[in-house]
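# Examination of the molecular architecture
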Number of protein chains: 2
Amino acid sequence: MSVLIVGSTALDSIKTPQAESPRLLGGSASHAAVAASFFSPVNLVGVVGEDFPKRYIRLYKSHRINLDGLQIQPGKTFHWSGEYEANMNNRRTLLTELGVFETFTPTLPAAHQKAPYVLLANIAPSLQSHVLDQMRRPKFVAADTMDLWLNIAMPDLLALLRRLDAFVLNDSEAQQLTKEDNVFNALKKIHKLGPKYVIIKEGSHGSILSGPQGFFICPAYPLHKVVDPTGAGDSFVGGMMGYLAASKGPVEHHIRRAMVYGSVVASFCCEGFGLLRTTRTTRQQIDHRVRELERLTKF
Amino acid sequence: MSVLIVGSTALDSIKTPQAESPRLLGGSASHAAVAASFFSPVNLVGVVGEDFPKRYIRLYKSHRINLDGLQIQPGKTFHWSGEYEANMNNRRTLLTELGVFETFTPTLPAAHQKAPYVLLANIAPSLQSHVLDQMRRPKFVAADTMDLWLNIAMPDLLALLRRLDAFVLNDSEAQQLTKEDNVFNALKKIHKLGPKYVIIKEGSHGSILSGPQGFFICPAYPLHKVVDPTGAGDSFVGGMMGYLAASKGPVEHHIRRAMVYGSVVASFCCEGFGLLRTTRTTRQQIDHRVRELERLTKF
């Protein structure tokens, strides 16, 4: 089955202590869509400006990502620029030019409204809800977020949470949302806000799922070198949703393995700037790392 | 088979934001010995003063810990006092009274010199080496350490490393030792210093083994509440060595499972002040948590 992915589509200029790379294809929806495309057909919903490079359209298409929902509007594409510190964990934003993203209203083509799997990648929670308003009984809805929305749009986020099957956030966001240091207590509190499945991402330490079948401790693939972690979280949730959409039967039977697949796609994402490494990845390479993770965690 | 455990035996006065508890049984060897005792016979080597409470001698004995190597000397027992911050990760030392520990020289009773499994729990690396000088061809030698020795006794530590089968340290110590942010690169560098097995502890994120069969990502047991993490690392390595000593056949067949057992004993350690929770634990409870960890990591 197919996945509908809504989120930001952007140009990212990224600096690390080793190198920098300007105007890469980025944005939560771009990373998630490419990640999901390894497993199932993807319908992308987003907005770009007239300056959006044709080669990035071709890149989406080379991953068989349906672009009927990608609006091309007069003006400039969302441009984000950020710099990482040596440990690759802390980053600071150097520049944010919203461009056409400032007035983005995701409008779903009729064919997209029946999508069974919906990933609301990181954008304003009011827009994420607006997408759900247009959907006809999706099978499984997951959303990601970022600290910004916890700071400036908490009521919108709380309204969204009541409508989700799965909510994905990172450890510091979970702490901010619940005032809980302990990740397992934070998971418990987030369930009470609505979602049946809650996933807390812990970067190089992997992620933790809390769902109807209890916890799952999902490993991260061991990386000797992180080139650029931008989009790793989006790749994780995109890969997970793509894998789920490709799996027959109930979500609870597949969600652990789906997370492991997402984790592996995120590992490739970290090995290059922007989407440079992810887009060169093959399904075979992904399967190989999943088998490695099986070996690395078996006892 | 039995494990010989050498390290500090102390009285710990511990403060957390919730509570405080004075003059608990503590020290690296105490935690490691109790942890190991769930799996195999333990011979403890350490020193205490004349003020050492009789009830702590009884406590060791209730875990069938052989005390032939425990020196009782005129003077005071090593007393450490520390305070944890709210997140339980950062602690500061309030007081260190070395007492009889200041002049401690571990001397092994003849029967101990043939111990097959040796755990050099955290003490000065020169003393850890002094113990090895007295051993007759042990089967497997593991050592733990702390940041203090990296700061003041690096040449001694490097000399020790060349004599070890396994070296266990935490993530910040590994970074200090190797100047490597990346844990997998740090593991590689530490192998070059001697040990065949290197284990990096990552607190609530578990631990990572690097050995002849590659990496193993060892999970931590999910804890909703950490009462006092003092001794968790010692419990981990103690439990691991006890389990190894109880297992027939080559170490490489058992070390992963041994780490998981150590991880579970450490989880009990964190649930009470000092050794209060660990000493009330049963083998059945440990086995139960190991089975839970199997379920929590399976995909």
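Residues numbered from 1 in each chain as written. Chains lettered and ligands numbered in written order. Predicted model: local features only at pLDDT ≥ 70, side-chain atom pairs only at ≥ 80, totals over all residues. Heavy atoms only, no water.

### Some remarks on the packing of aromatic side chains
Remark: the centre distance and the inter-plane angle together describe each pair of aromatic rings, the angle taken between the planes. Tallied over the entire structure, the rule returns 22 aromatic pairs over all chains. When the centroid spacing of 6.3 Å and the interplanar angle of 65° are considered together, the rings of A:F216 and B:F299 count as edge-to-face. You can see A:F216 sitting in strand β13 (residues 214–218) and its partner B:F299 sitting in the segment after α10 (283–297), one on each of two chains. With a relative accessible area of 0%, A:F216 lands in the buried category. On the basis of an interplanar angle of 20° and a centroid distance of 6.2 Å, the ring pair of B:F52 and B:Y60 is categorised as stacked. This pair shows no difference in class: B:F52 is buried, exactly as B:Y60 is. Ring pairs connect the aromatic residues A:F39, A:Y243 and A:Y261, which therefore count as one cluster. One residue, A:R289, lies across the ring of A:F268, its end atom 3.9 Å from the ring centre. (Phe/Tyr/Trp six-rings, centres within 6.5 Å; stacked < 30°, edge-to-face > 60°. Helix = DSSP H or I, 4+ residues; strand = E, 2+ residues; numbered from the N terminus. Buried < 20%, exposed > 50% of the residue type's maximum accessible area, 1.4 Å probe, protein only. Lys NZ or Arg CZ within 6 Å of the ring centre and 35° of its normal.)

### What about the sheet that holds strand β13 (residues 214–218) of chain B?
Residues and elements named next belong to chain B. Strand order in the open sheet made by the nine strands is β5-β4-β1-β8-β9-β10-β11-β12-β13, with mixed pairing throughout. Single-partner strands in this sheet number two, and they are β5 (65–73) and β13. The sheet shows a mean angle of 15° between the axes of neighbouring strands, taken without regard to direction. Of the pairings in the sheet, the one linking strand β11 (residues 197–201) to strand β12 (residues 207–211) comprises four bridges and is antiparallel in character. The partner of V198 across the bridge, within β12, is S210. Where helix α7 (residues 183–191) meets the sheet, its contacts fall on β10 (166–170), β11, β12 and β13, and the angle it forms with β11 comes to roughly 145°. (Pairing = 2+ DSSP bridges. Axes fitted to C-alpha atoms, helices over the stretch in contact; angles between N-to-C directions. Contact = heavy atoms within 4.5 Å.)

### Here we look at the state of the cysteines
In total, this model carries zero disulfides over all chains according to the counting rule given. No disulfide involves A:C269; its sulfur sits 5.4 Å from that of A:C270, the nearest cysteine. In this structure A:C269 comes out as buried when scored by relative accessible area, which is 0%. Of all cysteine sulfurs in the structure, the one in B:C270 sits closest to B:C218, which takes part in no disulfide; the separation is 13 Å. (Disulfide = S-S within 2.5 Å.)

### Considering the pairing of strand β7 (residues 91–97) of chain A
Residues in a regular strand project their side chains so that they alternate between the two faces of the sheet. All names here are of chain A. Note: strand β6 (residues 79–84) against β7, six bridges, orientation antiparallel. Paired with G82 across the two strands is T93, which belongs to β7. The turn linking β6 back onto β7 is made up of six residues, and M88 within it adopts a positive phi angle of 65°.

### Considering the interface of chain B and chain A
Taken together, the contact between chain B and chain A spans 29 residues of the former and 29 residues of the latter. Note on chain B versus chain A: buried area summed over both sides is about 2,500 Å², and carbon and sulfur give 61% of it. Together, B:I217, B:H224 and B:F299 form the three largest contributors to the area buried by chain B at its contact with chain A, with a combined 32%. When residues of the side of chain B that touches chain A are traced back to their parent elements, those giving at least two are α7, β13, α9 (251–270) and α10 of chain B. With six residues, the top contributor of residues to the side of chain B that touches chain A is α10(B). A class-by-class count of the residues in the side of chain B that touches chain A yields 14 nonpolar, six polar and nine charged. (Buried area = accessible area lost by both parts, 1.4 Å probe. Nonpolar A, V, L, I, M, F, W, Y, C, P; charged D, E, K, R; others polar.)

### Section: the relation of the copies chain B and chain A
The transform that puts chain B on chain A rotates by 180° and translates by 0.0 Å along the axis, for an RMSD of 0.0 Å. Those values place the two copies in the arrangement expected of a two-fold rotation axis. Proximity to the rotation axis, assessed at the C-alpha, singles out B:H205 in chain B; its C-alpha lies 3.2 Å from the axis. (Least-squares fit on C-alpha atoms with pLDDT ≥ 70 in both.)

### So, the confidence of the model for chain A
When the pLDDT values of chain A are averaged, the result is 97; 100% of them are 70 or greater. Prediction confidence for the complex, expressed as pTM and ipTM, is 0.96 and 0.93 respectively. (pLDDT = per-residue confidence, 0-100.)

### What to know about the sheet that holds strand β4 (residues 42–49) of chain A
Adjacent strands of a sheet form backbone hydrogen bonds with each other and so pair up, either parallel or antiparallel. All names here are of chain A. Here we have nine strands laid out as an open sheet, ordered β5-β4-β1-β8-β9-β10-β11-β12-β13, and mixed in their pairing. Both outer strands of the open sheet, β5 (65–73) and β13, are each paired with one neighbouring strand and no more. Averaged over all pairs of adjacent strands, the angle between strand axes in this sheet comes to 15°, irrespective of strand direction. Two elements, strand β12 (residues 207–211) and β13, share five bridges in a ladder whose sense is antiparallel. Paired with I208 across the two strands is I217, which belongs to β13. The strands that helix α1 (residues 28–36) touches are β1 (3–6), β4, β5 and β8 (117–120); relative to β1, the one it contacts most, it runs at about 165°. Contacts from helix α7 (residues 183–191) reach β10 (166–170), β11 (197–201), β12 and β13 within the one sheet, and its direction differs from that of β11 by about 145°.

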